[in-house]
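Structure at a glance
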Amino acid sequence: MNVVSMVVNRLVWFVPTVLGLLAVVFVLARIVPTDPAVLAAGENATAEQVQEARERLALDRPLPEQFVEYLRQVVQGDLGTSFYTQQPIVDDLTERLPATLELTILGVLAAGLIGVPLGVISGLNRNSWLDHLLRLVSVLFIGVAPFWIAMQLQLLFSMQLGWLPLSGRIDDFAPEAMTGFLTIDALVAGDLQNFLSALRHIVLPTLTLALPGAAVIVRFTRTSVVEAVNSPSVAYQTAMGLPRRVIVWKYILRLALNSTVTQLGLVFGISLTGAVVIEAVFEWPGLGTYAVRSILHSDYNAVMGVTLCVGVLFALSNLLVDLLQMAIDPRGAT
Amino acid sequence: MINLITSIVRHRTALVGLILLSLVVAVAIAAPLIVPYPEDAQTFHIERRLLPPSSEALFGTDRMGGDIFSRVVLGARMTLLITATVVLSGVLIGVPIGLVAGYYNNGISLVLGGGAEILLAVPQIILAIAITQSLGPSIGSVILALSVTYWPFWARIVFTETRSMCHETFVESAIALGVSAWRVIFLHILPNIASSIVVRTTTAIGTTAFASATLGFLGLGPPPPSPEWGRMIAESRDYLPDAWWYALAPGLALLLTVLGCTLFGDGLRDILDPKTRRRG
Amino acid sequence: MNPLLEIDDLSLTFRTEKGPAHVLDSIDLTMVPGEVVGLVGESGSGKTSLARAILGVLPGAQAEIASGRVRLDGIDMLDDGKATRDARGRLVTFVPQDPFDSFNPLFGVGTQLADIVRYRAPPATGHRLARSRRAREAMILDMLAAVQLPASRDLLNRYPHQLSGGQRQRLMIAMALLPQPRMLIADEPTAALDVTVQVQILGLLRRIAAERTLAVLFTTHDLGAAWEICDRIIVMYAGQIAEILPRKAFFAAARHPYTRMLLASLPKPGHQAVGIPGESASPLAPPPGCRFNPRCPLASQMCRTVRPLPSRSEEGHLLACHHPLPTAS
Ligand SMILES: Nc1ncnc2c1ncn2[C@@H]1O[C@H](COP(=O)(O)OP(=O)(O)OP(=O)(O)O)[C@@H](O)[C@H]1O
Ligand code: SF4
Ligand SMILES: [Mg+2]
């Protein structure tokens, strides 16, 4: 399979999946006990105002019709207006997407940087005490709830030691947005103070996300390394007397990394799921807090918009992982 | 069966996992009998609120003066009830759908498989939050929300395994001999993929316990004063850093539960999966 | 001629979950330079284990040498010292059964050949320094020609999955020859190939062995293949040597009941191949005495208690049987 046909294949599947997803959320939003027209009209609206809002938002028409109308707007890039922020949802999302992306990307990177080396160490020293220790620690980190880790980290590093800020993304005003990644923007602007502030704010949330991800990567890398160590090609190279260091650092590592990459999509999924909850704990102004808040306020346009956005993120990350895999595995390239 | 039991007992990881898991279940069942303050699930003792751990209250007391240890143990019942129901319905919905979608290659399988993929297209927790919010916070809505959103995990794995089973010679020849679809599915395919389902289910117990605690943490679980772990952890946030003990016990309880499932699942996979076994 | 390989009384046990498996039992074998020896036996008879013992790559955690030694050009191959490590992949090299799995799928074959040259080939004559990239490549291209592959860079840039089974096995042979070894162990090198390619590869091995006075130990299930290219054939049963025959005597002079049954089971034109009745002896609980006794029609009380010692019946013909059959015809 070549790159183009893979991307096309993904796209062909993506459209019906997203349509289905939107339909599910659409129905969900409509069984909410609160009347969206009341929400839209505002708190002190009169009966006429509510009725007027109902008609304006086409809430009096049959559901399928409303759904088709919604899709028509989505295709035109209009996701509607949030009842809560009174802003176009597209604006809300573009404002919040970078925060979540910055967090998850850093989280996945950190998970990889922690997880891969430890997994390699574990796999190469199978059944040593170090291996047992690393396995124990990783299984522990898979077992703890991210929101609980988050709170323990806050308790220790922010409240007791006072080293890192408790919540938020930055102390001062954000630097001029270019990428929306505050750390990068501040760096580009040459604003060291803001950069450090952004950095200090992102440490704990990143760590919270990275720890379970790293645990998954450690386990997976270990398995891949063990598999590679026991692979016939390594047995052959050993029988041919190639130096162990060459076998390990060139051949085994490459085999193991190849299969670890396949797990990146999973880790990204874990991180994004984690972010939904973690953001609430750290008051991180990203998609996760937005999603939770929109759901809690029955802000159904916002819920649909954020679901769509996360669905696209998920699909994109899977696509990227597939492309990466193709790029590094010669067998995928033909 | 006897074989399986002896392998589990011999397999250290599986054994530790099983012991942890049984411990949690046993504690949950016997909860009202073993906790020091069984009435603390519902009643307040304002005079005892926010006390640090002591010999009377092993893990301290909460904002209502409830003994946290008692409440966590009593909360195990709720977690167990939610988890067991969700996992059971996940299996009951997901496995048949996966079998049918994997065995047939027609419109029905497309719809079923597509349905599963739709629900897997965003983090489960987002959909679960939306459903619980629509239904209002209660045990029932948590169970319903998680059941509706978690079955695709079973459907997907059963689907993939069934598809590959369909290319096995013994299945192909059974089909060629005109054996009915139901017989092929239940007599030839299901027994061969049962071990993957079991492994998947074991780890799913942990995931579900996580998810239900997450809903509780966001305030969508059973309403207060129910001793739900996630909610207890969330409550503690208002009393940090002084009441550092507040979130300790519920967090550890959740950890032990998930740990038990992960270890037991790992062990079972080793034991049941001949591929890894051969590798030694 | 001085022997190149000397195996004395080698007994090998694997620790397994079900107890010790006695995989090799008191194996004696010598080979001289340039000799091509076939090792024939059913699956599980211990051919690969013997090959691994000679290469010194038995799995350390399970394998236990119960007795004996393996010396290659005087070097103890069961040792773990520097001399042994140097000998492996230099003095003795290896052609595996499955050339597909034995390549690392993620590197071009050229890289994998180059690493063999770099780390295993003897230094170029007159040079103490490592070869340049160029020199390595030249050496590899020469070797490609020797194994009858197109001597092209294009081939070297390919990945294992982009080559045919025959090409891969030729490359494996090339890799085994690059270190200029004195002995080559080929463990069922043609098992994964189709018949025409098998014949070509065997011919290639035979020719190369003759040209380079290379000793070859060649394991196979296939009596016919062994007979094609070997000077001597060793018949192994359940970890014991049953009979060693010179090539010319193989069909005519075989006297061990097991060898005769193997010969009788060869597929004849118009007939189906017939197996030997009964199951191969389990190394976990090998029958005492001659391990073949449960399946041997001639087995006597003695066979069930006393192990038959190998004795030389004629020049180059060794036989381990209490009741050998008379030579055919
Ligand atoms: N690492 C090991 N641990 C335990 N037992 C082993 C191990 N390797 C081989 N054996 C056992 O040793 C015996 C001989 O195996 P070996 O692979 O040497 O036979 P073989 O003659 O090469 O067979 P085949 O023709 O199938 O390749 C078998 O019974 C096998 O099960
Ligand atoms: S020694 Fe006895 S049992 Fe063994 S082959 Fe000879 S006759 Fe048969
Ligand atoms: Mg073998």
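Keep in mind it's a predicted model, so treat the numbers as computed, not measured.

**Overview of a nonpolar patch on the surface**
On the surface, Val3, Val4, Val8, Val12 and Trp13 of chain A together with Leu110 of chain B cluster together to form a nonpolar patch covering roughly 580 Å² of accessible area. Top element by residues in the nonpolar patch is helix 1 (residues 3-30) of chain A. It accounts for five residues. Along the chain, valine 4 of chain A falls in helix 1. Classification of valine 4 of chain A by relative accessible area gives exposed; the value is 59%.

**Quick word on the interface of chain C and chain A**
Counting from both sides, the interface comprises 27 residues of chain C and, opposite them, 21 residues of chain A. Taken over both partners, the interface formed by chain C and chain A buries close to 2,100 Å², and the fraction arising from carbon and sulfur atoms is 70%. A per-residue breakdown of the area chain C buries against chain A is headed by Leu106, Phe107 and Tyr119 of chain C, which together make up 28% of the total. If you look at where chain C meets chain A, you find one salt bridge. Here lysine 250 of chain A ties to aspartate 115 of chain C by a salt bridge, and the two come within 2.8 Å at their closest N and O atoms.

**Some details on the site of ligand 2**
The full set close to ligand 2 counts 13 residues, and Cys290, Cys296, Cys303, Cys321 and His322 of chain C are the nearest of them. Tallied by class, residues from the shell around ligand 2 come to nine nonpolar, four polar and no charged.

**As for the interface of chain A and chain B**
With 42 residues of chain A at the contact, the number on the chain B side is 41 residues. Across the chain A to chain B interface the summed buried area is about 3,800 Å²; carbon plus sulfur atoms make up 78%. For chain A, the biggest contributors to the area lost against chain B are Phe147, Trp148 and Met151 of chain A; these three give 16% of the whole. For the pair chain A and chain B, the number of links is one salt bridge. Note that aspartate 266 of chain B is salt-bridged to arginine 219 of chain A, the shortest N-O span being 2.7 Å. Mapped onto the side of chain A that touches chain B, the elements with two or more residues apiece are helix 1, helix 6 (129-143), helix 7 (146-160), helix 9 (192-229), helix 12 (264-282), helix 13 (287-296) and helix 14 (300-328) of chain A.

**Structural notes on the pattern of salt bridges**
In this structure the tally under the stated criterion is 20 salt bridges over all chains. A salt bridge links arginine 15 of chain C to glutamate 64 of chain C; the nearest nitrogen and oxygen atoms lie 3.0 Å apart. A residue pair is termed long-range when its members are at least 10 positions apart, and arginine 15 of chain C in strand 1 (residues 5-16) and glutamate 64 of chain C in strand 4 (residues 63-72) qualify at 49 residues. For glutamate 64 of chain C, a relative accessible area of 37% puts it in the partly exposed group. Arginine 153 of chain C is the salt-bridge partner of glutamate 137 of chain C, the closest N and O atoms lying 2.4 Å from each other. Of this pair, glutamate 137 of chain C sits in helix 5 (residues 133-146) while arginine 153 of chain C is found in helix 6 (residues 153-156), placing the two residues 16 residues apart along the sequence. For arginine 153 of chain C, a relative accessible area of 51% translates into the label exposed. Beyond isolated ion pairs, a larger network of salt bridges with shared partners links Arg219 of chain A together with Asp266 and Arg269 of chain B.

**Side note on the confidence of the model for chain A**
Note that predicted coordinates carrying low pLDDT should not be read in detail. For chain A, per-residue confidence averages 84 on the pLDDT scale, and 96% of positions sit at 70 or higher. For chain A, per-element mean pLDDT is lowest for helix 2 (residues 36-41) of chain A, which scores 72, and highest for helix 10 (residues 232-239) of chain A, which scores 93.

**Describing the sheet that holds strand 5 (residues 75-76) of chain C**
Paired through their backbone hydrogen bonds, the strands of a sheet run either parallel or antiparallel. Residue and element names in this part refer to chain C. One open sheet holds the four strands; their spatial order is 2-1-4-5, and the pairing between them is antiparallel. The sheet terminates laterally at strand 2 (19-31) and strand 5, the two strands that pair on one side only. Relative to strand 4, strand 1 is paired through eight bridges, and the arrangement is antiparallel. Bridged to serine 11 within strand 4 is serine 67. Across the sheet, helix 1 (residues 47-55) touches strand 1, strand 2 and strand 4, and the angle it forms with strand 1 is around 115 degrees.

**Let's talk about the arrangement of the chains**
Ranking the two pairs of chains in contact by number of contacts places chains A and B first. You won't find any contact between chain B and chain C; their C-alpha atoms come no closer than 10 Å.

**Remarks on the site of ligand 1**
All names here are of chain C. If you check the shell around ligand 1, you find 16 residues, and the closest are Ser43, Gly44, Lys47, Thr48 and Ser49. Residue serine 43 places a side-chain N or O atom 2.4 Å away from an oxygen atom belonging to ligand 1. Taking serine 49, its side chain carries an N or O atom lying 2.6 Å from an oxygen atom of ligand 1. Across the complex, the protein chains shield 71% of the 640 Å² of accessible surface that ligand 1 would expose by itself. Only strand 1 and helix 1 provide two or more residues apiece to the shell around ligand 1. Per element, the largest residue contribution to the shell around ligand 1 is three residues, and it comes from helix 1. A breakdown of the residues in the shell around ligand 1 according to their chemical character gives four nonpolar, nine polar and three charged.

About the criteria used
- Residues numbered from 1 in each chain as written.
- Chains lettered and ligands numbered in written order.
- Predicted model: local features only at pLDDT ≥ 70, side-chain atom pairs only at ≥ 80, totals over all residues.
- Heavy atoms only, no water.
- Patch = residues over 30% accessible without salt bridge, like charges linked within 9 Å, V, L, I, M, F, W, Y side chains within 5 Å.
- Areas by Shrake-Rupley, 256 points an atom, 1.4 Å probe, with all protein chains shown as cover.
- Salt bridge = Lys/Arg side-chain N within 4 Å of Asp/Glu carboxyl O.
- Helix = DSSP H or I, 4+ residues; strand = E, 2+ residues; numbered from the N terminus.
- Buried < 20%, exposed > 50% of the residue type's maximum accessible area, 1.4 Å probe, protein only.
- Contact = heavy atoms within 4.5 Å.
- Buried area = accessible area lost by both parts, 1.4 Å probe.
- Near = heavy atom within 4 Å.
- Nonpolar A, V, L, I, M, F, W, Y, C, P; charged D, E, K, R; others polar.
- pLDDT = per-residue confidence, 0-100.
- Pairing = 2+ DSSP bridges.
- Axes fitted to C-alpha atoms, helices over the stretch in contact; angles between N-to-C directions.
- Polar contact = N/O pair within 3.5 Å; in protein donor to acceptor, adjacent residues only side chain to side chain.

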